[in-house]
Amino acid sequence: MTSSFQSSLRFDDQVAIITGAGRGLGREYALLLADRGALVVVNDLDESSEGGEKVGPADDVVREIVERGGRAVAHSASVATPEGAASIVEAAVAAFGGVDILINNAGFNVHASFAQVAIQDYQHALDIHFLGTVQVTSAAWKELCKRNGRIVNTISEGMLGSPAVITYGSAKGAVFGFSLNLALEAAPLGVRVNSIAPRAFTRLSEDSLGPSAFGLPKEAIEQFRSAMPARMVAPVVAFLAHASCQLNGEVLCTGGGHVSRLVMVESRGYSDSNLTPEDVSAHLTEILDMNDIIVRDASWSPSF
């Protein structure tokens with residue numbers, strides 16, 4: 001990022017909700033936005049200590065923000081229920097008067113193959129990744145519309161196919177579809193909806209993949225960890241969350257200081273009003289040719 005970005009994009013008096021912000025990526029988003037003046041609701045689940053006492057990682061992040069001169073409140077409700085989602089937004093309104101920014105970051109991952117997972121595992125992934133995103137967004141929608149808000153959702157390149165993350169990738173695919181559709185409705189209301197596909201090594205990565213992920217040696221895992229810290233994703237999220245960002249319906253991939261655009265594309269294909277299976281077979285090269293692609297973004301509309 002350029003020095004002009006570092007000095008100019010502020011969030012003074014902007015209210016930001018960040019889910020899953022007690023550790024990892026969400027923590028980095030919270031710290032960066034708070035450092036730049038945002039009033040932050042740090043949401044994450046409490047955890048039980050060895051003595052059975054509830055320990056709140058969100059409280060730790062809030063303390064860190066306050067020590068750095070910022071303002072924040074912690075909230076421990078789950079995004080997986082409508083009541084929990086609503087209470088997160090209610091906490092933001094009660095503490096700071098409204099919502100300008102929603103960063104849907106809460107999630108988890110399980111490293112398992114199709115044969116190893118049960119239907120309940122898919123439901124759990126949908127409850128948190130997909131419905132969690134939908135429910136918090138729904139609860140915050142009126143507030144965001146009042147303030148020309150910004151929504152940043154979290155997807156993953158895992159939705160495009162990755163070894164042994166089938167529940168995670170499937171749920172993130174649902175978030176991707178939701179984000180593109182919501183972006184169309186949001187634009188006339190002054191709200192912008194974009195997504196981040198982060199590339200970072202976090203506690204979630206370590207817990208789900210382990211030190212021998214995909215057969216990689218420990219040294220390779222350590223190299224990935226050092227090259228892809230969570231803090232390097234935060235600047236892109238901050239840009240997408242800023243009031244000056246006019247992108248809508250976009251997905252930005254980022255990690256290790258690199259930023260790129262992720263889109264759905266379509267080939268020009270082949271047409272015949274009397275199409276037969278044999279035509280498909282005969283023109284398969286033309287159908288699959290990606291030299292002249294159509295980008296399927298929020299501005300795309302069918303040509304037929």
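Before any of the text, the structure's been laid out above.
I will try to describe carefully the structure that is included in this document. (Residues numbered from 1 in each chain as written. Predicted model: local features only at pLDDT ≥ 70, side-chain atom pairs only at ≥ 80, totals over all residues. Heavy atoms only, no water.)

Okay, the overall build of the chain next. Counting its regular elements, the chain contains 11 helices and 12 strands. Residues classed as buried in the chain amount to 45% of the 304 residues present. In the chain, 73% of the contacts between residues at least 6 apart in sequence involve partners at least 24 apart. Counting only carbon and sulfur atoms, one obtains 54% of the accessible surface of the chain, whose full area is about 15200 Å². (Helix = DSSP H or I, 4+ residues; strand = E, 2+ residues; numbered from the N terminus. Buried < 20%, exposed > 50% of the residue type's maximum accessible area, 1.4 Å probe, protein only. Contact = heavy atoms within 4.5 Å. Areas by Shrake-Rupley, 256 points an atom, 1.4 Å probe, with all protein chains shown as cover.)

For the rest of this paragraph, the subject is the pattern of salt bridges. Evaluated as defined, the whole model comprises 11 salt bridges. The salt bridge involving arginine 27 is made with glutamate 64; its shortest N-O contact spans 2.8 Å. Taken together, the residues span a long stretch of sequence, with arginine 27 in helix H2 (residues 24–35) and glutamate 64 in helix H3 (residues 57–67) at a distance of 37 residues. By relative accessible area, which is 25% here, arginine 27 ends up partly exposed. Exposure remark for glutamate 64: the relative accessible area of 22% places this residue in the partly exposed category. A salt bridge links arginine 261 to glutamate 250; the nearest nitrogen and oxygen atoms lie 2.8 Å apart. One end of the pair, arginine 261, is in strand S10 (residues 258–262); the other, glutamate 250, is in the loop between helix H9 (234–241) and strand S9 (251–255), and 11 residues separate them in sequence. For glutamate 250, a relative accessible area of 13% corresponds to the buried category. A cluster of three or more residues bridged by salt bridges with shared partners is formed by Arg27, Glu28, Asp35, Glu64 and Arg68. (Salt bridge = Lys/Arg side-chain N within 4 Å of Asp/Glu carboxyl O.)

Counting buried residues in strand S2 (residues 39–43) gives five out of five residues, a clear majority hidden from the surface. Here S2 shows two buried faces, one formed by Leu39, Val41 and Asn43 and the other by Val40 and Val42. The pairing of strand S1 (residues 15–18) with S2 spans four bridges and is classified as parallel. What sits directly across from isoleucine 17, in S2, is valine 41. Of the crossover connections in this fold, the one passing from S1 over H2 to the parallel S2 is right-handed. Pairing geometry for S2 and strand S5 (residues 71–75), over five bridges, is parallel. Across the sheet, leucine 39 pairs through a bridge with arginine 71, a residue of S5. (Pairing = 2+ DSSP bridges. Right-handed = clockwise from strand over helix to strand, strands pointing away.)

Moving on to the packing of aromatic side chains. All chains considered together, the criterion is met by one aromatic pair. With 6.4 Å between their ring centres and 85 degrees between their planes, phenylalanine 130 and phenylalanine 178 make a pair best called edge-to-face. With phenylalanine 130 in helix H5 (residues 119–146) and phenylalanine 178 in helix H6 (residues 166–186), this residue pair connects regions lying 48 residues apart in the sequence. Taking the relative accessible area as the measure of exposure, phenylalanine 130 reaches 23% and is therefore partly exposed. (Phe/Tyr/Trp six-rings, centres within 6.5 Å; stacked < 30°, edge-to-face > 60°.)

Moving on to unusual backbone geometry. Non-glycine residue aspartate 13 carries a positive phi angle of around 65 degrees. Judged by its relative accessible area of 59%, aspartate 13 is exposed. Its identity as a non-glycine residue notwithstanding, asparagine 148 has a phi of 50 degrees, on the positive side. In this structure, asparagine 148 sits in the loop between H5 and strand S7 (150–154). Judged by relative accessible area, asparagine 148 falls into the partly exposed class, the value being 45%.

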